[in-house]
Structures are given as C-alpha cells and as structure tokens.
Amino acid sequence: PLTSRTERRITTLQQHVLQEQHRFPGASGQFSWLMSGITLAAKMIQAQVRRAGLTDLLGEHGETNVQGEVQQKLDVYANEVLGECLSHRESIGILASEENEKPALMHHESPNANYAVIFDPLDGSSNIDVNVSVGTTFSILHRPHGEDWNNPEKWIQQPGSRQVAAGYVLYGSSTMLVYSAGNGVHGFTLDPTIGAFVLSHESIRMPEQGKYYSLNEANSEQFPEVYRQYIDHLRQGQLNHPYSSRYIGSMVADFHRTLLKGGIFLYPPTESHPDGKLRLLYEANPVAFLAEQAGGTAIDGERRVLDIEPEGIHQRTPLVVGSRVEMDAFTEMLKTGNSVT
Ligand code: P6P
C-alpha cells in the first residue's frame, strides 16, 4: 500500500456522506449531491463571515457602502448563496429559508425532486458585528408520500421526527459542519489548507451530564415558575455538582457546546414570547434531531420537540435541550413540581 505521510486517515465530509448514502432507499446519489450543495454554500459563507469587517457586509441592510452600492447584510448574502447552491440540485423540490416568507418552489419540477431543505442562513446574525460565533442550520425532509407540487407547505410542515438529516455549520474559532443522517452525529472541521471539511468528531455522544446551563437569565422574571425553580436547583449545586452559566446568544454556538460537553440549553416561554423565540422548523428541529442522535433529549416544556406537528413555516417553540441527567431532572420537576434530589 502507498505509504501515507499523514499520521491519520483523512475522511472528508463528501466521503462520509457517500458512505451514509446507502442508508437512503433508492437515493442513487441524490442525498450526497444535495449535501454537496450545502458544503459548497458553507465554504462560500464562511469566506465572507471571516472577512465581514473588511467587506462592508456588516451593518443593516439597505445602507449604502463607500462605493454607493446598497450594502448587503451578511445573512442576506448567506441566504442567496444557499439558494444559488441548492437550486442546482435537481433532487431538491422545495427550499424554505428563515429569510423568505414563503417556501421557494424549485423551477425544475422534476419527478425525482424528492427532498425539501429548510435553513436559517445565518442564525445569530446580530452577533456578527461584534465578532461572535454565528451559524447556519439546515433540516432535510423527504416529500410526503403522494404529495405533489401543489402544496409546498406540506413538504416542509412535517414533524421533526420525519427529518432524514439535519445539521449546522458553526462559524466559530474554526468552521465546523455537524450533521446526522439518522446514524449518529458527526463533526467535520474545515481545513482551509485543502478547502475540505475533514472528519474531526466521529460519532459524537453527549455526556450523561454536563456542568453548564445556558439561557438568557435577563428574562428570568418572565419565565414560568418551574424554569426559575429548576435553574435555582442547578445554581445551588443540587444536581450532583455546581454549574456554571454560559450563554452566547447564538443558538448554534450554545447548542454545539451542549452537544460536546453536555449540560442544558433553554429558551423558555416568556410573557413577550409565549411560544418562545426560536423557530421550530429551522432552529429547534435540527438541534433536537442531533441531540437525540447523540443520546440527549429535546422538549418544548411539555412534549418531545420532534413530535410537534408544524402549523406554519416560521412558527416558534420553547426549547429545552440537553444531556440525560439534566433533562430527566427538568422533566421530573415539570411533572411533580419538586426537585429530584
Ligand atoms: P435572546 C439569535 O437571534 C437567536 O435566534 C438564537 O440564535 C439565539 O439563541 C437567540 O436568538 C438569542 O435570543 O433573546 O437571548 O437575545
């Protein structure tokens, strides 16, 4: 065999997705071709995110930059890049984005366009101007049996349990793409020297328990009582050990830490947002899918996030997601109103 100069075997995302491909009945390369659209867009978006302060891509949409051009917000740019890269994937029939009111019906109404892709092109974009991590989320659904082109909403308004794959790109200290196609969660780090996403976190498992809780405590007065009780429980070290608070205000970054380190991330209902702030289809569903694939759980305060029957593309949901010990303790408190220890 060729003697390899690299210390370890390199698995690119493309290779990994091809290996996953066989799990999709009769998908004949459609899924991997679809995923290549997402990775291309991720590379293009990250190139701009890394240069945001230099290219007038910061700031509010509609301002004009020094050349008098209409200034593009980075998430408008990210939305266009994803739309451009994915609309050339004939396996995709429907695209839906946080940025667009309605789902886009792909122009090629080809019979084998069986996938719908829902994404938030740049989640947490209010953090860009202060150089804090942001992310792209994506959720992939299969066309419901018997559905045709007349009801694009039907393709995407399916419970998260029907996702065939989901994931996110985190533009952090490095650029990582984390995804699951229902066979575990796998993390890939972009190696800029070769321009490829390389497997760096294979089969990610959430630890049984972590040491961080993550939520916007400025809203505490507006939380339902049980949420306040629960956070006090953690804060007082009554769940086995003391906790630290970590809140970045970018869901992808807060969830990524929870996925790797365990702990719990919450966006509770508040008086101003009785259904919470996060969106079901392209924020809560992707992270809930990954959390469960990695051994954690995700609920909306009453039921499993992945069981929620969507009624609208942009509907919001409260989200509580994390590792087993924290989630069992929260669920117990919801049921009995008492702490478990
Ligand atoms: P708050 C970003 O705007 C976002 O949608 C999520 O990425 C993040 O978790 C949340 O909102 C932060 O909301 O109300 O704490 O600023």
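Residues numbered from 1 in each chain as written. Predicted model: local features only at pLDDT ≥ 70, side-chain atom pairs only at ≥ 80, totals over all residues. Heavy atoms only, no water.

- As annotated in an unreviewed UniProt entry, the protein carries the name Fructose-1,6-bisphosphatase class 1 and is attributed to Thalassoglobus neptunius.
- Per UniProt, the protein has the following entry under Sequence similarities (unreviewed entry): "Belongs to the FBPase class 1 family."
- Under Subcellular location (unreviewed entry), UniProt gives the following word-for-word description of the protein: "Cytoplasm". (UniProt positions renumbered as here; feature names shortened; annotations may be inferred.)

1. What to know about the packing of aromatic side chains
Okay, step 1: Enumeration over the complete set of coordinates arrives at seven aromatic pairs.
Okay, step 2: Aromatic pair Phe-223 and Tyr-227: ring centres 6.4 Å apart, planes at 50 degrees, arrangement tilted. Side by side, Phe-223 and Tyr-227 carry an identical accessibility label, which is buried.
Okay, step 3: The interplanar angle of 75 degrees and the centroid separation of 5.1 Å between the aromatic rings of Tyr-230 and Phe-330 together place this pair among those described as edge-to-face. Taken together, the residues span a long stretch of sequence, with Tyr-230 in helix 5 (residues 225–235) and Phe-330 in helix 8 (residues 324–336) at a distance of 100 residues. Take Tyr-230 and Phe-330: they sit in the same class, and that class is buried.
Okay, step 4: Grouping aromatic residues by their ring pairs yields a cluster made of Phe-223, Tyr-227, Tyr-230 and Phe-330. (Phe/Tyr/Trp six-rings, centres within 6.5 Å; stacked < 30°, edge-to-face > 60°. Buried < 20%, exposed > 50% of the residue type's maximum accessible area, 1.4 Å probe, protein only. Helix = DSSP H or I, 4+ residues; strand = E, 2+ residues; numbered from the N terminus.)

2. Considerations on the nonpolar core
Okay, step 1: In this structure, Ile-156, Tyr-168, Val-178, Phe-255, Leu-259 and Leu-319 are the most contacted members of the largest nonpolar core, which totals 42 residues.
Okay, step 2: Looking at which element gives the most residues to this core, the answer is helix 7 (residues 280–293), with nine residues.
Okay, step 3: Sequence-distant contacts of Leu-259, that is, excluding residues within four places in its chain, are made with Tyr-168, Val-178, Val-185, Ile-204, Arg-205, Met-206, Pro-207, Leu-290 and Ala-294.
Okay, step 4: Counting residues in each nonpolar core, the second largest holds 40 residues, with Ala-42, Ile-128, Val-134 and Leu-199 among its members. (Core = buried A, V, L, I, M, F, W, Y, C linked by side-chain atoms within 4.5 Å. Contact = heavy atoms within 4.5 Å.)

3. A short note on the site of the ligand
Okay, step 1: Taken together, the neighbourhood of the ligand is formed by Asp-123, Gly-124, Asn-216, Tyr-247, Gly-249, Ser-250, Met-251, Phe-265, Tyr-267, Lys-277, Leu-278 and Glu-283.
Okay, step 2: Contact distances for the ligand include 2.8 Å between an oxygen atom and a backbone N or O atom of Met-251.
Okay, step 3: Starting from 400 Å² of accessible surface for the ligand in isolation, the protein chains cover 79%.
Okay, step 4: Of the residues that constitute the shell around the ligand, the class distribution is five nonpolar, four polar and three charged. (Near = heavy atom within 4 Å. Polar contact = N/O pair within 3.5 Å; in protein donor to acceptor, adjacent residues only side chain to side chain. Areas by Shrake-Rupley, 256 points an atom, 1.4 Å probe, with all protein chains shown as cover. Nonpolar A, V, L, I, M, F, W, Y, C, P; charged D, E, K, R; others polar.)

4. Overview of the pattern of salt bridges
Okay, step 1: Evaluated as defined, the whole model comprises 10 salt bridges.
Okay, step 2: A salt bridge links Lys-154 to Glu-147, with the shortest nitrogen-to-oxygen separation between them at 3.7 Å.
Okay, step 3: In this structure, Arg-257 engages Asp-254 in a salt bridge whose closest nitrogen and oxygen atoms are separated by 3.2 Å. Placement of the pair is Arg-257 and Asp-254 together in helix 6 (residues 251–261), with a separation of three residues, close to one helical turn. The two residues Arg-257 and Asp-254 agree in class, both being buried.
Okay, step 4: One continuous salt-bridge network, built from bridges that share partners, spans Glu-208, Arg-324 and Asp-328. (Salt bridge = Lys/Arg side-chain N within 4 Å of Asp/Glu carboxyl O.)

5. Side note on the sheet that holds strand 10 (residues 244–245)
Within a sheet, each strand pairs with its neighbour through backbone hydrogen bonds, oriented either parallel or antiparallel.
Okay, step 1: Read across the open sheet, the five strands follow the order 10-9-11-13-12; overall the sheet is mixed. The open sheet has two free edges, formed respectively by strand 10 and strand 12 (297–299), since each of these has just one partner strand.
Okay, step 2: When strand 9 (residues 212–214) meets strand 10, the two strands line up parallel, connected through two bridges. What sits directly across from Tyr-212, in strand 10, is Ser-244.
Okay, step 3: Of the strands in this sheet, strand 9, strand 11 (264–267) and strand 13 (319–322) touch helix 6, which is tilted by about 150 degrees from strand 11.
Okay, step 4: The strands touched by helix 8 are strand 11, strand 12 and strand 13; relative to strand 12, the strand with the most contacts, the crossing angle is about 30 degrees. (Pairing = 2+ DSSP bridges. Axes fitted to C-alpha atoms, helices over the stretch in contact; angles between N-to-C directions.)

6. Points about the side chain of Ser-323
Okay, step 1: In this structure, Ser-323 sits in the loop between strand 13 and helix 8.
Okay, step 2: Residue classification places Ser-323 among the buried residues on the basis of a relative accessible area of 0%.
Okay, step 3: In terms of polar contacts, Ser-323 uses its side chain to reach the backbone amide nitrogen of Gly-263, at 2.8 Å.
Okay, step 4: For Ser-323, the contacting residues outside a window of four places in its chain are Met-206, Pro-207, Glu-208, Gln-209, Gly-210, Gly-262 and Gly-263.

7. Remarks on the confidence of the model for the protein
Okay, step 1: Averaged over all residues, the pLDDT of the protein equals 89, while 89% of them reach at least 70.
Okay, step 2: When the criterion is pLDDT under 50, residues 64–72 qualifies, and its contacts beyond four places in sequence or with other chains add up to 22 contacts. (pLDDT = per-residue confidence, 0-100.)

8. Considering unusual backbone geometry
Okay, step 1: With a phi angle near 60 degrees, Asn-131 is a residue other than glycine that sits in the positive phi range.
Okay, step 2: Inspection of the secondary structure assignment puts Asn-131 in the loop between strand 3 (115–123) and strand 4 (134–142).
Okay, step 3: A positive phi is found at Asn-240, a non-glycine position, where the angle reads about 75 degrees.
Okay, step 4: With respect to the secondary-structure elements, Asn-240 resides in the loop between helix 5 and strand 10.

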